[in-house]
Amino acid sequence: MHSSLNPSQSSRPSQSRAATSSAQGPRERNEDAWLCLPELGIYAVADGMGGLVDGHEASRTTLDLVAQRAPALAACFSQHGAAAQGAVVRELDGLFRDASALVSDLAATRGGRMGCTLTLAVLGEDRLLIAHVGDSRAYLVRGDEVRQLTEDHSVAALRVRLGRMTAEDAERSPLRNRLYQAIGVTEEPEPDVVELQLSAGDALLLCSDGLWEPLDMERVAGLIAGRSAAAAVRAVVGAAEAVGLSDNATGVLIQTMAAGGGLDRAGLLRSA
């Protein structure tokens, strides 16, 4: 599904402050990976899939490719209008497809299967683009409101959206950990692509499922308010640790300084 946002301004990378925090939890090693390129306005989180080989290698390989493609992606996003919007989606499709092929080829040399999630944010001067596969998430924090920007690509979450399972049953279902879209295990992933108009003071949290699952996300706004990016993301990860981690938990927090004056135009460019 395509929207007709057509922002009137170009999107130079916004002035922002970003910080990361990650906890290994009970796992033998941390298979999450993260990327912060503030000079390009590009940030990402990838989470290696449990039960497959070399999850850390899958997530790191994926973000290495994102870093390589970041200048071209940022340049594409800096344009505006319907044609530029389509070009950004094509750029993202190519990136996600190539990352999946790269991880799949690497897995073939290891004699197994490898995969990871990928949640990618591109920030402009007053707008934000999210591209996503898997069950890592992006949240927008605006004042005391916390808004989930992504949908999980787990079988359980899909059944909830189709009305075939309740949210309560999904939380207990083994299908909550089975992904129908992921880098390395989906031959041609089609990322969800969401665009949002930013307002001054917005914050963006990218996180692996090990962070959002134990955490009451309604608390996040209070944990962020009045803190620096570094202190805020440490507080969020610390709150999840206090509840009890069952997985690696990683957060990338971006505090934006958008020039927008409260506009809230948002659109789903494509949902797989």
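Values in this document were obtained by computation on a predicted structure and should not be read as measured data. (Residues numbered from 1 in each chain as written. Predicted model: local features only at pLDDT ≥ 70, side-chain atom pairs only at ≥ 80, totals over all residues. Heavy atoms only, no water.)

Some points on helix H2 (residues 82-110)
The condition that has to hold: What counts as a helix is a DSSP run of H or I of at least four residues, what counts as a strand is a run of E of at least two, and both are numbered from the N terminus. A helix is expected to reach a length of 1.5 Å times the quantity of its residues less one.
The end-to-end C-alpha separation of H2 is 43 Å, in line with the 42 Å expected for 29 residues at 1.5 Å each. Looking one or two residues beyond H2, the residue adopting positive phi is glycine 111, at roughly 70°.

Here's the deal with the packing of aromatic side chains
This is how the line gets drawn: Any two rings among Phe, Tyr and Trp, with Trp reduced to its six-membered ring, count as a pair given centres within 6.5 Å; such a pair is stacked if its planes are under 30 degrees apart, edge-to-face if over 60, and tilted if neither. We call a charge positioned over a ring when the NZ of a Lys or the CZ of an Arg lies within 6 Å of the ring centre and within 35 degrees of the ring normal.
Across all of its chains, the model carries 0 aromatic pairs by this definition. The side chain of arginine 127 reaches across the aromatic face of phenylalanine 77, ending 4.1 Å from its centre. Stacked on the ring of tryptophan 212, the Lys or Arg arginine 137 has its end atom at 3.3 Å from the ring centre.

What about helix H7 (residues 229-243)?
The line we're drawing: Relative accessible area decides the class of each residue, using a 1.4 Å probe on protein chains only: under 20% of the type maximum gives buried, over 50% gives exposed, and in between gives partly exposed.
Between its terminal C-alpha atoms H7 stretches 22 Å, which fits the 21 Å expected from 15 residues at 1.5 Å a residue. Along H7, the residues classified as buried are Ala229, Ala232, Val233, Ala235, Val236, Val237, Ala239 and Ala240. Once H7 finishes, glycine 244 follows within two positions and takes phi at roughly 125°, a positive value.

A closer look at the pattern of salt bridges
We apply this condition: Throughout this description, the term salt bridge denotes a Lys or Arg side-chain nitrogen within 4 Å of a carboxyl oxygen of Asp or Glu.
By the definition in use, this model includes 12 salt bridges. The salt bridge involving aspartate 54 is made with arginine 110; its shortest N-O contact spans 2.6 Å. You can see aspartate 54 sitting in the loop between strand E3 (42-47) and helix H1 (55-77) and its partner arginine 110 sitting in helix H2, a full 56 residues away along the chain. A salt bridge links arginine 60 to aspartate 64; the nearest nitrogen and oxygen atoms lie 3.4 Å apart. With a gap of 4 residues between them, arginine 60 and aspartate 64 both fall in helix H1, about one helical turn apart.

Observations regarding the pairing of strand E7 (residues 145-148)
Definition in use: Only strands that DSSP links by at least two bridges are regarded as paired with each other.
Across 4 bridges, strand E6 (residues 137-142) lies against E7 in antiparallel orientation. Looking at E7, one finds that tyrosine 139 is bridged to glutamine 148.

A short note on the nonpolar core
Going by this rule: In these notes, a set of buried Ala, Val, Leu, Ile, Met, Phe, Trp, Tyr and Cys residues joined through side-chain atoms within 4.5 Å is what counts as a nonpolar core. We call two residues contacting when some pair of their heavy atoms lies within 4.5 Å.
Among the nonpolar cores identified, the biggest contains 34 residues, and Ile42, Leu92, Phe96 and Leu120 are the most heavily contacted of them. Only strand E2 (32-37), E3, H1, H2, strand E4 (118-123) and strand E5 (127-133) provide two or more residues apiece to this core. Aside from chain neighbours lying at most four places away, what touches phenylalanine 96 is Leu118, Leu120, Ala131, His132, Val133, Ile183, Pro189 and Pro191.

Quick look at the sheet that holds E7
Operational definition: The axes are straight lines fitted to the C-alpha atoms, using for helices just the contacting stretch, and the angles between their N-to-C directions are given from 0 to 180°.
Taken in spatial order, the 5 strands of this open sheet run E1-E10-E9-E6-E7, and their pairing is antiparallel. Only two strands of the sheet have a single partner each, and these edge strands are strand E1 (16-23) and E7. Recorded for the sheet is a direction-independent mean angle of 20° between the axes of neighbouring strands. Its contacts with the sheet put H7 on E1, strand E9 (203-207) and strand E10 (249-256), and the angle it makes with E1 is roughly 30°.

Concerning the layout of surface pockets
Unoccupied space between atoms shows up once a probe the size of one water molecule is rolled over them. The cut-off we apply is this: Only protein atoms enter the 1 Å grid used here, on which a cavity is any set of points holding a 1.4 Å probe that cannot leave and a pocket is any open set flanked by protein within 12 Å on both sides along at least five of seven lines; residues with an atom within 4 Å of a point are listed as lining. Grid points are joined across faces, edges and corners, and a volume is the space filled by probe spheres set on the points.
For the second largest pocket, the calculated volume is near 390 Å³. As for the second largest pocket, its lining consists of 16 residues, of which Arg137, Asp152, Ala170, Glu171 and Trp212 are closest to the centre. Mapped onto the lining of the second largest pocket, the elements with two or more residues apiece are helix H3 (155-161) and helix H4 (167-172). No other element matches the 4 residues that H3 contributes to the lining of the second largest pocket.

Topic: the environment of leucine 198
Position of leucine 198 among the secondary structure elements: in the loop between strand E8 (192-197) and E9. Sequence separation of leucine 198 and leucine 128 is 70 residues, and the distance between their C-alpha atoms is 6.6 Å.

A few points about the pairing of E4
Across the 6 residues that make up E4, a large majority, 6, are buried. What you see with E4 is no split at all: Leu118, Leu120 and Val122 on one side and Thr119, Ala121 and Leu123 on the other are buried throughout. Note: E3 against E4, 4 bridges, orientation antiparallel. Directly across from alanine 44, in E4, lies its bridge partner leucine 120. Note: E4 against E5, 6 bridges, orientation antiparallel. In the sheet register, leucine 118 faces E5, and the bridge partner there is valine 133. If you look at the hairpin formed by E4 and E5, you'll find 3 residues sitting between the two strands.

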